[in-house]
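Spelled out from the first residue to the last, the chains are:
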Amino acid sequence: MKKFACIALLLSTSAWAEGLVLTTEEAPPFNYSSDGGKSIVGSATEAVHEMFKRAKLGYTITLYPWVRAIDMARTGKDTCVFSTTRTEEREKSFLWVGPVAQSNWVFFAKADSSIKLERLDDAKKFKIGSYRGDALALYLKGLGFNIDEAYYDEQNVKKLEGGRIDLWATGSQNGPFFANKINLTFKQVLDFKKTELYLACNLSVAPETIAKLNAAVQAMAKDGTTAAINKKYQ
């Protein structure tokens, strides 16, 4: 996974100082590397390309491990990160653009698992896989769940397959994408929270820039562009 530590893709001819610095992570189908790390693709990535094009703003996108990606947006001038779950804990730390995608939080188990969940608290007696710094992991840890954290969400596929975790807590679209790569058969046992993903920007980003980007997002939703992009990755 070290090859994903710093993959930069210049996406504008604007001078660096004139554009926003965007960071992201390896989180398919929303944002992930392709062509041997030469490009960054995904439904949220396409939405970001389109919103910046409509807003006529310059930008770059760089792929990092998640903890570094979000920390850079939290501390770096004119820096934003996607795809970021908008939570109460993060609300005042960023300026928000979106949503750029939707992803419910769910629990997956192996196909032959006998685990049945009726409500969220039913999962507290099980060992749950998630990944470090993710909003979902932080949410469950705050509620007292037993979370086994990986560095990358993709690692949880093999942990579930090998019985090292009982349940995998992840996004409703992320899980199937990773599992299909190794032909792992699994099942969803509980959909427990609806969430939306955003571009989260450092508080230094100009209000007029945030307004332009949000106007572009709203126009994309209205004219069907967002739905068309999402359909490509289903």
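The paragraphs below set out a description of the structure included in this document. (Residues numbered from 1 in each chain as written. Predicted model: local features only at pLDDT ≥ 70, side-chain atom pairs only at ≥ 80, totals over all residues. Heavy atoms only, no water.)

**Some thoughts on the sheet that holds strand E10 (residues 147-150)**
Stated precisely, the cut-off is as follows: We call two strands paired when DSSP finds no fewer than two bridges between them. For the purposes of this entry, the term helix denotes a DSSP run of H or I that reaches at least four residues, the term strand denotes a run of E that reaches at least two, and both are numbered from the N terminus. Note on method: axes are straight lines fitted to C-alpha atoms, helices fitted across the in-contact stretch only, with angles between N-to-C directions ranging 0 to 180 degrees. Residue contacts are counted whenever heavy atoms from the two residues lie within 4.5 Å of one another.
As summarised here, the arrangement of the five strands in space is E10-E9-E11-E8-E12, forming an open sheet in which the pairing is mixed. Both edges of this open sheet fall to E10 and strand E12 (186-193), since each of them pairs with a single strand only. Going from strand to strand, the sheet's axes swing by 35° on average, the running direction of each strand aside. Two strands pair when backbone bridges link them, and strand E8 (residues 105-110) and E12 are joined in this way by six bridges, in the antiparallel orientation. Counted as the bridge partner of Trp105 is Lys193 from E12. Against the sheet, helix H5 (residues 174-181) makes contact with E8, strand E11 (167-171) and E12, and its axis sits at roughly 120° relative to E11, the strand it touches most.

**Quick notes on the pattern of salt bridges**
Short version of the rule: Here, a salt bridge means any Lys or Arg side-chain nitrogen found within 4 Å of an Asp or Glu carboxyl oxygen. For every residue, the accessible area obtained with a 1.4 Å probe (protein chains only) is divided by the maximum for its type, and the residue is called buried under 20%, exposed over 50%, and partly exposed between those limits.
Scanning all chains against the criterion turns up eleven salt bridges. Linking Arg119 and Asp122 is a salt bridge whose minimum nitrogen-to-oxygen distance equals 3.7 Å. Classification of Arg119 by relative accessible area gives exposed; the value is 53%. Close ionic contact of Lys141 with Glu149 constitutes a salt bridge, the shortest N to O distance being 3.1 Å. Exposure remark for Lys141: the relative accessible area of 40% places this residue in the partly exposed category. Classification of Glu149 as partly exposed rests on a relative accessible area of 32%. What emerges from the salt-bridge pattern is a single network uniting Glu50, Arg54 and Asp223.

**Regarding the environment of Gln173**
To be explicit about the condition: For this analysis, a polar contact is any N or O atom pair within 3.5 Å, provided that within protein one partner can donate a hydrogen and the other can accept it, and provided that sequence-adjacent residues contribute only side-chain to side-chain pairs.
If you trace the backbone, Gln173 turns up in the loop between E11 and H5. In this structure Gln173 comes out as partly exposed when scored by relative accessible area, which is 30%. Linking Gln173 and Leu203, residues 30 residues apart in sequence, is a C-alpha distance of 30 Å. Discounting residues that sit within four places of it in the chain, Gln173 has contacts with Pro28, Pro29, Phe30, Gln102 and Ser103. A polar atom in the side chain of Gln173 sits 2.9 Å from the backbone oxygen of Gln102.

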